[in-house]
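If you want the building blocks of each chain, they are given just below.
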Amino acid sequence: GKTVMAIAAAEKIKAKQVLVVCPASVRLGWRQEIAECLGSEGIAGWDIISYNAACKDAVHAALDRTFDVIVLDEAHFLKTSESQRTQAIFGPGGLARRARSIWCLTGSPVLNRSVELWPVLKTLHPAFARMSYAQYTQKYCAAYFDGRGINVRGASRLSELSGHLRSFMLRRTKREVLPQLPPKIVSRVPLI
């Protein structure tokens, strides 16, 4: 569902240059979905790279242009600010700086803690653009000094944070999506 929605949205805004950054294991799936939705010629304006490839200087050089849209599939991979992949996307000179629009797709936006939203919110949400990491963690992660360092594993002001998320996030629940899915197929696979 996420892939087809992103393709349809890109078509709706008449995006000519689209970059998809995704796990290596789903690159072929993206290519197939684009070809199925747009035809074999429709894929011409789409570049599809893995998160690992996004970390390579040669790939950055090859993609040295502005994109109408950058789609970050499985965006929860970008939860750690200091990671090489997050810096390659959101850091200074990162790919996100070359896009008119950035769309984050994920089935699990926050795996464990509020702090995991920081890199995406800092880059994409105006309310967080001028906020520092320390301000964010103090406000939304109940940050405190635990004797060794600043502990940001907590959560605070969740209803306020949730309100910010609703202002720019499309969330589809399992209940909403299930009627659109094909029926489950149960089959036995004999092992020899």
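The sections below set out a description of the structure shown in this document. (Residues numbered from 1 in each chain as written. Predicted model: local features only at pLDDT ≥ 70, side-chain atom pairs only at ≥ 80, totals over all residues. Heavy atoms only, no water.)

1. Some points on the nonpolar core
Counting residues in hydrophobic clusters, the biggest one holds 20 residues, and the most contacted among them are L19, V21, I49, I70, L72, I89 and L95. When residues of this core are traced back to their parent elements, those giving at least two are β1 (18-22), α3 (51-54), β3 (67-73), α5 (84-90) and β4 (99-105). L95 has contacts with L19, V21, I49, A54, H60, I70, A88 and I89, leaving out every residue within four places of it along the chain. Listed in part, the 15 residues of the second largest apolar core include I7, W30, I48 and L105. (Core = buried A, V, L, I, M, F, W, Y, C linked by side-chain atoms within 4.5 Å. Buried < 20%, exposed > 50% of the residue type's maximum accessible area, 1.4 Å probe, protein only. Helix = DSSP H or I, 4+ residues; strand = E, 2+ residues; numbered from the N terminus. Contact = heavy atoms within 4.5 Å.)

2. Here's the deal with the packing of aromatic side chains
In total, this model carries 6 aromatic pairs according to the counting rule given. A ring pair is formed by W118 and Y136, whose centres lie 5.0 Å apart and whose planes are at 40°; its orientation type is tilted. Of this pair, W118 sits in helix α6 (residues 118-124) while Y136 sits in helix α8 (residues 133-140), and the two are 18 residues apart along the sequence. You'll find W118 and Y136 in the same group, each marked buried. (Phe/Tyr/Trp six-rings, centres within 6.5 Å; stacked < 30°, edge-to-face > 60°.)

3. Points about α8
Every buried residue belonging to α8 is among Y136, T137 and Y140, and all of these are buried. Mapping the buried residues of α8 onto a view down its axis gives an arc of 95°, with all of them on the same face. Facing away from the buried side of α8, by more than 90 degrees, are the exposed residues A134 and Q138. Contacts made by the buried residues of α8 are with α6, α7 (126-129) and α9 (158-166). (Arc of directions from axis to C-beta.)

4. With respect to the sheet that holds β3
Taken in spatial order, the 4 strands of this open sheet run β2-β1-β3-β4, and their pairing is parallel. Strands with a single pairing partner mark the edges of an open sheet, and in this sheet they are β2 (46-50) and β4. Adjacent strand axes in the sheet meet at a mean angle of 15°, parallel and antiparallel pairs treated alike. The sheet contact formed by β1 and β3 spans 4 bridges and is parallel. In the sheet register, V20 faces β3, and the bridge partner there is V71. Lying on the sheet, helix α1 (residues 2-12) is in contact with β1, β2, β3 and β4; it crosses β4 at an angle near 160°. Most of the contacts of helix α2 (residues 27-38) go to β2, to which it runs at about 165°, and overall it touches β1, β2, β3 and β4. (Pairing = 2+ DSSP bridges. Axes fitted to C-alpha atoms, helices over the stretch in contact; angles between N-to-C directions.)

5. Looking at the pairing of β4
Bridge count for β3 against β4 is 6 bridges, and the pairing is parallel. Considered in β4, the bridge of L72 is made with C104. For the segment spanning β3, α5 and β4, crossover handedness is right-handed. (Right-handed = clockwise from strand over helix to strand, strands pointing away.)

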